[in-house]
Amino acid sequence: MKKPNFATSAFAASLFAVTAIFVSCQSLQQEIPIQTVEEEDNSLALEIEKKLAKEDAAHFLGQNADSGECSTLASTAQKALAAEGLSKKQQARLLALQGRALFLAGQNDGAKKALADAQKKYPFDEEVLILENRLFPSSAAVQKKSDSPLMLLEDALSLYREQNYSQAAARFDTAFLRLEDFYKEAYNPLRQKAWSLKGMALPKTKEGQNIAAASEINVGDLLVLCRSETDLLDRIGAAKKISAAKLYSIVAGEGLLTSLSGSEQDNKASVPQSDKTLTRELAARFLWNLRIKSLSDKSAATKYSTRYRANVRAKSPVADVPVYSKDFDAILGCVEKELMALPDGRNFLPQKTLSGMETFEIVKNVK
């Protein structure tokens, strides 16, 4: 019987192993090799990511990111790139974070250069793909690794930006299950807002939709929202196509932003500028004046203050709105006519700011 050739067998086994490894590598090359946080030490980038997440969330909430903080983060990333021994993947991530910070600071040219440099180093890092998606929203960057936690978050943010709140809310929840806590802390307000807006009727116009998406709006935004989504301003001749500045001038000139319940001097001084942050008190003042404008009996404008101030012992029926408030009539009138509500059943919260969507919900119900 012929003895087995062990050297030949060993060679064959080695050849089989090498072939298997080669085939396996060929298979892996068919997938895009996304670099994740766990695969390599990214401690140099982690602190930047934590701070950037807060500024990024503020940007999506309609607030302005702190340009000074973003510029500092971009500089920090630039300095970190000078460290020795960085791999191309680490360099790519730092460049992408630098680009994202510059983008939030309004420096788009710098952000585009950072993206180009990062793509030369390692184009498949998650932060590189995120920066690509921010600069070129129509790109397929998010789809290149849709099951990655960071890309799930980016997809949620894209859906939120497109006002697809139902899908965005679900995607936030999926991403949060796999992300570090600092991401949840930064982006949770967006998740909560997406859930609150899910299923709600949205403004019909693009102009109205942009305002509704903001967490805070100003007086000028209120007027533009009314013009684009309702016919409330038709009665004062505010055409749909006039500029926001002209619209404010017409509304202010009609006295629709002036208090009714204060002294003559206080009432004249009460008119807010167009860029004044919108509060519940200012919204009530505008809506009540608009209502009074349509009535023939102008004494209705101050009927509440006339009644309550006639009795020195009378107490305001709204706990946080004194009888002598310059917007006493507007607030009581809006509550009684169910244009606005008492959030806790007792207080009006006159200085509480209104989001765009809250304002839309109020004005769309005004007849």
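Values in this document were obtained by computation on a predicted structure and should not be read as measured data.

K.L.:
Could you clarify how one ought to interpret the confidence of the model for the protein chain in this entry?
P.N.:
Parts of the model with low pLDDT should not have their predicted coordinates read in detail. Confidence along the protein chain averages 85 in pLDDT terms, with 86% of residues attaining 70 or more. Helix α5 (residues 108-121) holds the highest mean pLDDT among the elements of the protein chain, 97, whereas helix α1 (residues 6-28) holds the lowest, 40. Taken as a whole, residues 1-39 scores under 50 in pLDDT and shows 24 contacts with residues more than four places along the chain or in a different chain.

K.L.:
For this particular structure, what's the right way to read the packing of aromatic side chains?
P.N.:
For any pair of aromatic rings, geometry is given as the distance between the ring centres together with the angle between the planes. Applying the stated criterion across every chain yields a total of 6 aromatic pairs. Note on Tyr 160 and Tyr 165: the rings are 5.4 Å apart at their centroids and 75° apart in plane angle, and the pair reads as edge-to-face. The same class applies to Tyr 160 as to Tyr 165, namely buried. Across from the ring centre of Phe 348, 4.3 Å away, lies the NZ or CZ of Arg 280, which sits over that ring.

K.L.:
Help me out: how do you make sense of the nonpolar core in this one?
P.N.:
Soluble globular proteins tend to pack their nonpolar side chains together in the buried interior. Counting residues in hydrophobic clusters, the biggest one holds 79 residues, and the most contacted among them are Phe 172, Tyr 187 and Phe 286. Excluding residues within four positions of it along the chain, Phe 286 makes contact with Leu 222, Leu 223, Cys 226, Leu 233, Val 251, Leu 256 and Leu 257. Core analysis: the next-biggest nonpolar cluster, separate from the first, contains 28 residues, Leu 81, Leu 95, Leu 97 and Ala 118 among them.

K.L.:
Is there a simple way to explain helix α9 (residues 181-197) in this structure?
P.N.:
Residues spaced three or four apart along an α-helix point in a common direction, a consequence of the helix completing one turn every 3.6 residues. For α9, built from 17 residues, the straight-helix expectation of 24 Å at 1.5 Å per residue is met to within 8% by its first-to-last C-alpha distance of 24 Å. Approximately 55° is the largest bend angle found in α9, and it occurs at Tyr 187, with the proline Pro 189 only one to four residues beyond. Residues of α9 that are buried: Phe 182, Tyr 183, Ala 186, Tyr 187, Leu 190, Lys 193, Ala 194 and Leu 197. Remark: Gly 199 follows α9 within two positions and exhibits a positive phi of approximately 85°.

K.L.:
How do you make sense of the environment of Ser 87 when you look at a structure like this?
P.N.:
Along the chain, the position of Ser 87 falls in the loop between α3 (67-80) and α4 (88-104). On the accessibility criterion, Ser 87 (23% relative accessible area) is partly exposed. A sequence separation of 35 residues divides Ser 87 from Tyr 122, and the C-alpha atoms of the two residues are 9.6 Å apart.

K.L.:
In this structure, what is going on with the layout of surface pockets? I would like to understand it.
P.N.:
One water molecule sets the probe size; rolling that probe over the atoms shows where empty space is left. Here the largest pocket defines a volume of roughly 290 Å³. Grouping the amino acids of the lining of the largest pocket by side-chain chemistry returns 6 nonpolar, 4 polar and 3 charged.

K.L.:
I keep staring at the side chain of Arg 285 and nothing clicks. Help me out?
P.N.:
By secondary structure assignment, the location of Arg 285 is in helix α14 (residues 280-293). Polar contacts involving the side chain of Arg 285 include one to the side chain of Ser 259, which spans 3.2 Å. Side chain to side chain, Arg 285 and Asp 327 meet in a polar contact 2.8 Å long. When residues no more than four places from it in sequence are discounted, the contact partners of Arg 285 are Leu 256, Leu 257, Thr 258, Ser 259, Ser 270, Val 271, Pro 272, Lys 326, Asp 327 and Ala 330.

K.L.:
Looking at this structure, I do not really get the packing of helix α2 (residues 43-60) against α9. What am I missing?
P.N.:
Pairs of packed helices are described in terms of their axes, by the angle between the two and the distance that separates them. Packing of α2 against α9 brings their axes to within 9 Å, and their N-to-C directions diverge by 5°. On the basis of their axis angle, the class for α2 and α9 is roughly parallel. Judged by residue contacts, Leu 46, Glu 49, Lys 50, Ala 53, Lys 54, Asp 56, Ala 57 and Phe 60 of α2 engage Phe 182, Tyr 183, Ala 186, Tyr 187 and Leu 190 from α9.

How each quantity is defined
Residues numbered from 1 in each chain as written. Predicted model: local features only at pLDDT ≥ 70, side-chain atom pairs only at ≥ 80, totals over all residues. Heavy atoms only, no water. pLDDT = per-residue confidence, 0-100. Helix = DSSP H or I, 4+ residues; strand = E, 2+ residues; numbered from the N terminus. Contact = heavy atoms within 4.5 Å. Phe/Tyr/Trp six-rings, centres within 6.5 Å; stacked < 30°, edge-to-face > 60°. Buried < 20%, exposed > 50% of the residue type's maximum accessible area, 1.4 Å probe, protein only. Lys NZ or Arg CZ within 6 Å of the ring centre and 35° of its normal. Core = buried A, V, L, I, M, F, W, Y, C linked by side-chain atoms within 4.5 Å. Expected span 1.5 Å × (residues − 1). Bend = angle between axes of the 7 residues up to and from the residue. 1 Å grid on protein atoms, 1.4 Å probe; cavity = no way out; pocket = protein on both sides within 12 Å on 5 of 7 lines; lining within 4 Å. Points joined across faces, edges and corners; volume = space filled by probe spheres on them. Nonpolar A, V, L, I, M, F, W, Y, C, P; charged D, E, K, R; others polar. Polar contact = N/O pair within 3.5 Å; in protein donor to acceptor, adjacent residues only side chain to side chain. Axes fitted to C-alpha atoms, helices over the stretch in contact; angles between N-to-C directions. Parallel < 35°, antiparallel > 145°, perpendicular 65-115°, else oblique.

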